[in-house]
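# Structural description and commentary
One-letter residues, chain by chain:
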Amino acid sequence: MWLILPIPIDLPDEISVKIQAENISLSGLMLTATQEEFEAMLHRKNTEGVNVQPKLHATFTLPRKNAKDLTIDASCRAIHVRRASQNKYHIGLKFLQLNQAAASAIQLHIQSHL
């Protein structure tokens, strides 16, 4: 389901980057990032210099009809990256932790936009 809004993504080193969300589902988000955002988010190394996949944190407000907007607070992990152009990447984030209220709100959002 389409969801066009910038979402702050908290990185492990207490840096936050705002990345454009293009799509949401019960399993995660699809983001569109620039080269700089992509590198800040996913080019991480541990103390031995080995590339690691960081755990990310996303917080965003999901608009709801006939109810107060709900803030979604979710731990995520990048599971898919595709380069769309020279300076544009599509990044698939999987929700690792999502409470029942958030899952219900996402489901209603998807159903209301079909």
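Data block above holds the structure.
Model, not experiment: these values are computed from the prediction.

What counts and how
- Position labels on residues start from 1 in each chain and follow its written sequence.
- Selection of residues for local features in this predicted model requires a pLDDT of at least 70, selection of side-chain atom pairs for listing and counting requires 80 or more, and totals for whole chains, interfaces and linings are taken over all residues.
- Each side-chain value is worked out from all heavy atoms of the structure, with water and hydrogens disregarded.
- Numbering of helices and strands starts at the N terminus; helices are DSSP runs of H or I of at least 4 residues and strands are runs of E of at least 2.
- Should any heavy atoms of two residues lie within 4.5 Å, those residues are counted as being in contact.
- Two rings belonging to Phe, Tyr or Trp (six-membered ring only in the last case) form a pair when the distance between their centres is within 6.5 Å. Interplanar angles under 30 degrees mark stacking, angles over 60 mark edge-to-face geometry, and anything in between is tilted.
- For each residue, the accessible area found with a 1.4 Å probe, counting protein chains only, is set against the maximum for its type, and the residue is called buried under 20%, exposed over 50%, and partly exposed in between.
- In the analysis that follows, any N or O atom pair within 3.5 Å is treated as a polar contact, provided that within protein one partner can donate a hydrogen and the other can accept it, and provided that, for residues neighboring in sequence, both atoms belong to side chains.
- Definition used in this section: a nonpolar core is a set of buried Ala, Val, Leu, Ile, Met, Phe, Trp, Tyr and Cys residues joined via side-chain atoms within 4.5 Å.

Relative to the helices and strands, His90 resides in strand S8 (residues 88-97). If we ignore the near neighbours within four places in the chain, the residues touching His90 are Met30, Leu31, Thr32, His80, Val81, Arg82 and Ala84.

It is worth spelling out the packing of aromatic side chains at this point. Inspection of the entire model under this criterion finds one aromatic pair. Ring plane angle 5° and centroid distance 4.1 Å describe the contact between Phe38 and Tyr89, whose orientation is recorded as stacked. In this pair, Phe38 is assigned in helix H1 (residues 35-42) and Tyr89 in strand S8, connecting sequence segments 51 residues apart. Residue Phe38 shares its accessibility class with Tyr89, and that shared class is buried.

Turning our attention to the environment of His90. The exposure class assigned to His90 is buried, which follows from its relative accessible area of 15%. Note: C-alpha distance between His90 and Gly28 (62 residues apart in sequence) is 13 Å. Polar side-chain contacts of His90 include one of 3.3 Å to the side chain of Thr32.

Ranked by size, the top nonpolar core spans 31 residues in total, and within it Ile9, Leu31, Met41, Phe60, Ile91 and Leu93 carry the most contacts. Elements with a contribution of two residues or more to this core: strand S1 (2-10), strand S2 (16-24), strand S3 (28-33), H1, strand S6 (56-62), strand S7 (70-85), S8 and helix H2 (100-112). Ranked by residues supplied to this core, first place goes to S7 with five residues. Residues in contact with Ile9, not counting those within four places in the same chain, are Ile15, Ser16, Val17, Ile19, Leu31, Met41, Leu56, His57, Ala58 and Leu93.

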